Each structure stands twice: as C-alpha cells, then as structure tokens.
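# Structure assessment
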Amino acid sequence: MQAEAAKATTPTDAGWKPKHVLWKRMLVRYELYLMLMIPVIWYILFKYVPMYGITIAFKDFSATKGILGSPWIGLKHFERFFSSVYFWDLLWNTISLSLFQLLVGFPIPILLALLVNEIRSRWLQKLLQNTTYIPHFLSIIVLVGMLNIFLDPDTGKLNQILTMLGIDSINFMKKAEWFQTIFVTSGIWQHMGWGSIIYLAALSGIDPTLYEAAKIDGATRFKRVLHVSIPGIMPTVIILFILQIGQLMDVGFEKALLMQNPLNAAKSDILPTFVYKNGIQGGQFSYTAAAGLFNAVIDFTLLLLVNWYARKKTDSSLW
C-alpha cells in the first residue's frame, strides 16, 4: 500500500504538471515577480505597442487620417528608397562606420579588463578604473563640444602640437576622411571603461586554483592570461558580441548628427541621420519609416545568423 501511495505521488503521475510547480514557486516569491512586472509593462507599452506604427511604411500616411485611415500602398516607399541615388552611399557609410566601430571598439574593453585584472597594486588599479569610467558619464553634446575645442584648427591642442612639429594644422571636424576615425576613437575613449565592467566581473568568477595550477606548471603571466583568463571570459565575450551584432546598424545618430556638417556629409550621412532629417524634420514619415524598417531588418537578420553560428560552434548563445 505504501509503495502504491508513493508511486501515485511521483512526478510521473498524470495529475502532476511542471506548470503547477512554477505557479507555486511564483506564489512563494510573488514580491520578486511583482517587481519584474514594472520593466515588463514598460517594455510592452513603449517597445511592443509602438511597433504597430511600422505599418505606416506600407501606407501613404497622413496625420489627419491617422494610421488606420491612411491608404495602403504596399512596397512603394521601399522601391523609392532602394532606387534613390543616395541609397548606396547611405548604406556604405552606415556599414563601414559600424564595422569600423565593431572591429576597433569591441576588443578594447576586453583588453582593458585583462590589464586591470593583472595589476597587483590596488591603488593603481582603482586609479585606472576611475580614470576610464569617468568619460562614460559625459553627455554626447559635451563630448562633441570637447572635440570641437580640442580639434579646432587654430586653438585646438592637437593642431598646436602638429604646428610645433612643423605640420600644417588640419580642420579635422570638417574633413570627411577624418569623420569615422574621430567618431570611433572618441567613442572608445568614452565607453571603454564602462564596457570593461562586465568583463572584470567575469574574470572575478574564474576559479583561482586554475591560475595556481598554471603557475605550478611553469606558465608565465602572459600564458596564464592566454590560457586561463581569456577562455574563462569567452562565454561572456560571445554573448556581448552577439548583442553588439544585433545593433550593428544602430551607430547612434545623435553623435553623428552633432558632428555632421556640409563639408563632412559625404561620410557622416548615415541611415539614422537620414531618417531623422527626412522623417522628423521633413515630414516624410512613411518614406523614412520604410528606411528605418530596412535598417532594423538588417540588424535582426544579423542577430539571428550570428546567434545560430555561435550556438553551432560553441556552447554560448542567446537562445
């Protein structure tokens, strides 16, 4: 009888369902789930509900008629955008800037975290961390203002140094060929310290006995970094790389717009600035919605492909 009773209460019983266990755990920890509801509601209201507005890319939108009342015209705006004379220039400027930012900017926080982790002096470690964290809290407007001051052809410190070396001053902010370099390097300077925090957290989670074993085996400090530290944070690196790929085309139009001027527009005019100038300022809402949707589709497609490849080749992926 006891065996039959025990058998009846086993998880394999037909009346036992995993969802019942989940509901019980949610009731026990209901305070945490109530706190979770705040960001969930925020995302639903401000991220998912507005996605209905994507439909204006397929309509001839009129503010007086609204989204529902505007006539449906299909892919007309996409055809107009793809056949425009500036399409390939916009696409190339956006992709080249995004790849430049990814290839140069993504490894820097990793290298900084490894450097900070290897510093044995606590005060020097804290000094380096604080020095690299501070620029993150500067606003984009302040940062671009600093660039205009430091790179001024007459009074900028960099040009003063060039003049002392016998080199003619360069108007960096108005040279199209310098736009991407200034954009990316200033972004690295501003965000590398903040971006290194998660890698430092991952490094702190590596088992210290692995370092001790490598040291006993005669591994130098460089080899310990190469064979212990880097493999230890590699899952974190892969996840953050996938997330970075997911927003590859979103390079931040605020900074690009503030740095843009008629002389560097050949390189600084990217898809996000095009959408802002023609959509918000020009009132071509449906047309720029089509351009913005095209931009988002590229990001989403790249995210799926890179996540699939990471899952196939490694044990780390978003899903």
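Residues numbered from 1 in each chain as written. Predicted model: local features only at pLDDT ≥ 70, side-chain atom pairs only at ≥ 80, totals over all residues. Heavy atoms only, no water.

## Focus: the layout of surface pockets
In this approach, a probe sized like a water molecule rolls over the atoms, and the result shows the empty space that is left. Reported here for the largest pocket is a volume of approximately 1,300 Å³. In terms of lining, the largest pocket is formed by 29 residues, of which the most central are Ile54, Asp250, Gly292, Ala296 and Asp299. At the level of secondary structure, the elements contributing two or more residues to the lining of the largest pocket comprise helix 3 (30-48), helix 14 (221-246), helix 17 (271-281) and helix 18 (285-313). If one sorts the elements of the lining of the largest pocket by residue count, helix 18 sits on top with 10 residues. Grouping the amino acids of the lining of the largest pocket by side-chain chemistry returns 19 nonpolar, 7 polar and 3 charged. The volume enclosed by the second largest pocket comes to roughly 1,000 Å³. What lines the second largest pocket is a set of 30 residues, and nearest its centre among them are Gln101, Gly187, His191, Gln244 and Gln247. Those elements that provide at least two residues to the lining of the second largest pocket are helix 6 (87-105), helix 11 (176-195), helix 12 (197-204), helix 14 and helix 15 (253-259). Here the lining of the second largest pocket gets 9 residues from one element, more than from any other, and that element is helix 11. (1 Å grid on protein atoms, 1.4 Å probe; cavity = no way out; pocket = protein on both sides within 12 Å on 5 of 7 lines; lining within 4 Å. Points joined across faces, edges and corners; volume = space filled by probe spheres on them. Helix = DSSP H or I, 4+ residues; strand = E, 2+ residues; numbered from the N terminus. Nonpolar A, V, L, I, M, F, W, Y, C, P; charged D, E, K, R; others polar.)

## Notes on the side chain of asparagine 159
Looking at the element boundaries, asparagine 159 is found in helix 10 (residues 157-164). Looking at asparagine 159, the relative accessible area reads 1%, which means it is buried. In contact with asparagine 159, other than residues within four places in its own chain, are Leu151, Asp152, Pro153, Ser169, Ile170 and Phe172. (Buried < 20%, exposed > 50% of the residue type's maximum accessible area, 1.4 Å probe, protein only. Contact = heavy atoms within 4.5 Å.)

The quantities given are spatial measurements derived from coordinates; they are silent on function.
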